[in-house]
Amino acid sequence: MAANTAGDIRMKGSGYYSLATTGAKDVIDGALPLVIGALKAMDIPDNGAVFTMADMGCADGGTSIDTIGAALRHVRGRAPSRPLSMVYTDLPRNDFSQIFQIVHGLTDIPAYAPDIDNLYVFTSGTSFHRRLFPEGALNFGFSATSSHYLSARPGPITDHVHMVGASGAERAAYAEQGRADWSRILLNRAADLAPGGRLVLINFCRDEQGRYLGGTTGVNMFDTFDWLWRALADKGVITNDEYAATVFPQYYRDVEECSAPLVDTDHPVYRAGLRLDHIETRVIDCPYRLDYERHGDAAKFATAYIPTLRSWSESVFAAGLSIGRPGEERAEIIDCFFDSYETFVRENPQGQGMDYVHTYMVIKKE
């Protein structure tokens, strides 16, 4: 039976995520021309009606702050009379308070809200696997590095923690869950989106060369996750059951899988009016590895690199631990795990890094 994953996924809060994920911001900043191009292709009359934009799967909102701000300013410039409704969405356990602090300029991150008039900022603690808006209420949707997360974990993965290390029936189960979830996400957005609206979706993928996050060249990140987590089981720090229970609820689609619902004229997504306007894959080099290649200090590299891994993966490893363990004990195990990864990087810096591999998609609703 598939296990729901909503309680297992959470980015680290209190501003940790944005501060530790320089690469994720690079990915989003690189999408700005697509975002502005998609908006330019839209009819945005200055008619006084509310224009609603969303950042879906936003975490703390810091990595997208510049791109979202530029998009809102573009709309404001074309439609001075229209109220702007900006909605940040994520899972219920997300740190939504940090979004408001960032957006309203209460942190060191430059903010857009103080400079845009007639702007209203909201949050929604609702998974994008569900409907987010009333029918046709969304004008422009954005999502980055989010929709690879599955609504349910379709089963175990023998001897690995991620689908990139799975094979046979186990791999097929994740592919099927990924296919079903992608169709559901797009059908929900088709209902949310107003006719003529656009979506810009940036997501982890397997590109044309088979590359994926942390699996481009050099040391494979997910294999390292698995090796170090298994080592804790071998030492008796965690149980074999806890090792087996730790699986990332993710699926990395390829270009064909991403495109299929939008180009197959018989697919429900296509019939709902969504059309693929643009798709490409990009690889963004790990910024921490690039810094290391400049300064050559392995300890500095390890100290900077591990927090970006921890910012999005910690909740998965924590969810694999028995709820019977005291909270302090679970926290110590997680600290031990990431300390071991930091030691490994410090002692073996060559080939380490987390290159980002994404599809960049623009989708329109006819």
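Structure shown above.
Reference entry: report on the structure contained in this document. Worth saying up front: this structure is predicted, and the values here are computed from it rather than measured.

1. Concerning the overall build of the chain
Check the secondary structure of the chain and you find 13 helices and nine strands. Taken across its 366 residues, the chain has 55% of its residues classed as buried. Intrachain contacts of the chain at a sequence separation of at least 6 include 83% that bridge at least 24 residues. Only carbon and sulfur atoms are counted for the fraction: they give 51% of the accessible area of the chain, which is about 14,600 Å². Considering the chain, the positive charge centre built from 34 side chains and the negative charge centre built from 47 side chains are found 5 Å apart.

2. Quick notes on the sheet that holds strand 5 (residues 138-144)
Here seven strands make up an open sheet; going across it, the order is 4-3-2-5-7-9-8 and the pairing mixed. Since the sheet does not close on itself, it has two edges, and those belong to strand 4 (119-124) and strand 8 (274-284), each with one partner. Direction aside, neighbouring strands of the sheet carry axes that sit 15 degrees apart on average. Where strand 2 (residues 51-56) lies against strand 5, three bridges are found, and the strand directions are parallel. When the sheet's bridge partners are listed, Met-53 is paired in strand 5 with Phe-140. Contacts from helix 6 (residues 168-192) reach strand 2, strand 5, strand 7 (193-204), strand 8 and strand 9 (356-365), with the element oriented near 150 degrees to strand 7. Helix-sheet contacts for helix 9 (residues 255-263) involve strand 8 and strand 9, and the interaxial angle to strand 8 is about 170 degrees.

3. A few points about the nonpolar core
Among the nonpolar cores identified, the biggest contains 84 residues, and Tyr-112, Phe-225, Trp-229 and Tyr-305 are the most heavily contacted of them. With nine residues, the top contributor of residues to this core is helix 12 (residues 298-320). In this structure, Leu-138, Leu-199, Cys-258 and Met-361 belong to the second largest nonpolar core, which totals 20 residues.

4. Looking at helix 13 (residues 327-347)
At 3.6 residues per turn, the α-helix brings residues three or four places apart onto the same side. Taking 1.5 Å of rise per residue, the 21 residues of helix 13 would be expected to cover 30 Å, and the 30 Å separating its terminal C-alpha atoms lies within 8% of that figure. Of the residues making up helix 13, those classed as buried are Ile-333, Ile-334, Phe-337, Phe-338, Tyr-341, Phe-344 and Val-345. Angular distribution of buried residues about the axis of helix 13 spans 120 degrees; they occupy a single face of the element. Pointing more than 90 degrees away from the buried face of helix 13 are the exposed residues Glu-328 and Glu-347.

5. Details of unusual backbone geometry
In this structure, Asn-118 is a non-glycine residue whose phi angle is positive, near 55 degrees. Along the chain, Asn-118 turns up in the loop between helix 5 (96-103) and strand 4.

6. Examining the pairing of strand 4
Where strand 3 (residues 84-89) lies against strand 4, six bridges are found, and the strand directions are parallel. Within strand 4, the residue paired with Ser-85 across the bridge is Tyr-120. Note on the crossover from strand 3 through helix 5 to strand 4: the handedness is right-handed.

7. What about the packing of helix 7 (residues 221-234) against helix 12?
For the pair helix 7 and helix 12, interaxial distance at closest approach is 13 Å and the crossing angle is 60 degrees. As for how helix 7 packs across helix 12, the hand of that crossing is right-handed. Between helix 7, through Met-221, Phe-222, Phe-225 and Trp-229, and helix 12, the contact on the second element is made entirely by Tyr-305, Leu-309, Trp-312, Ser-313 and Phe-317. Looking at the contact of helix 7 with helix 12 residue by residue, the class counts come to eight nonpolar, one polar and no charged.

What counts and how
- Residues numbered from 1 in each chain as written.
- Predicted model: local features only at pLDDT ≥ 70, side-chain atom pairs only at ≥ 80, totals over all residues.
- Heavy atoms only, no water.
- Helix = DSSP H or I, 4+ residues; strand = E, 2+ residues; numbered from the N terminus.
- Buried < 20%, exposed > 50% of the residue type's maximum accessible area, 1.4 Å probe, protein only.
- Contact = heavy atoms within 4.5 Å.
- Areas by Shrake-Rupley, 256 points an atom, 1.4 Å probe, with all protein chains shown as cover.
- Lys, Arg positive; Asp, Glu negative; His and termini not counted.
- Charge placed at Lys NZ, Arg CZ, Asp CG, Glu CD.
- Pairing = 2+ DSSP bridges.
- Axes fitted to C-alpha atoms, helices over the stretch in contact; angles between N-to-C directions.
- Core = buried A, V, L, I, M, F, W, Y, C linked by side-chain atoms within 4.5 Å.
- Expected span 1.5 Å × (residues − 1).
- Arc of directions from axis to C-beta.
- Right-handed = clockwise from strand over helix to strand, strands pointing away.
- Left-handed = near helix turned anticlockwise from the far one by under 90°.
- Nonpolar A, V, L, I, M, F, W, Y, C, P; charged D, E, K, R; others polar.

By themselves, these are just geometric observations and shouldn't be taken as functional.
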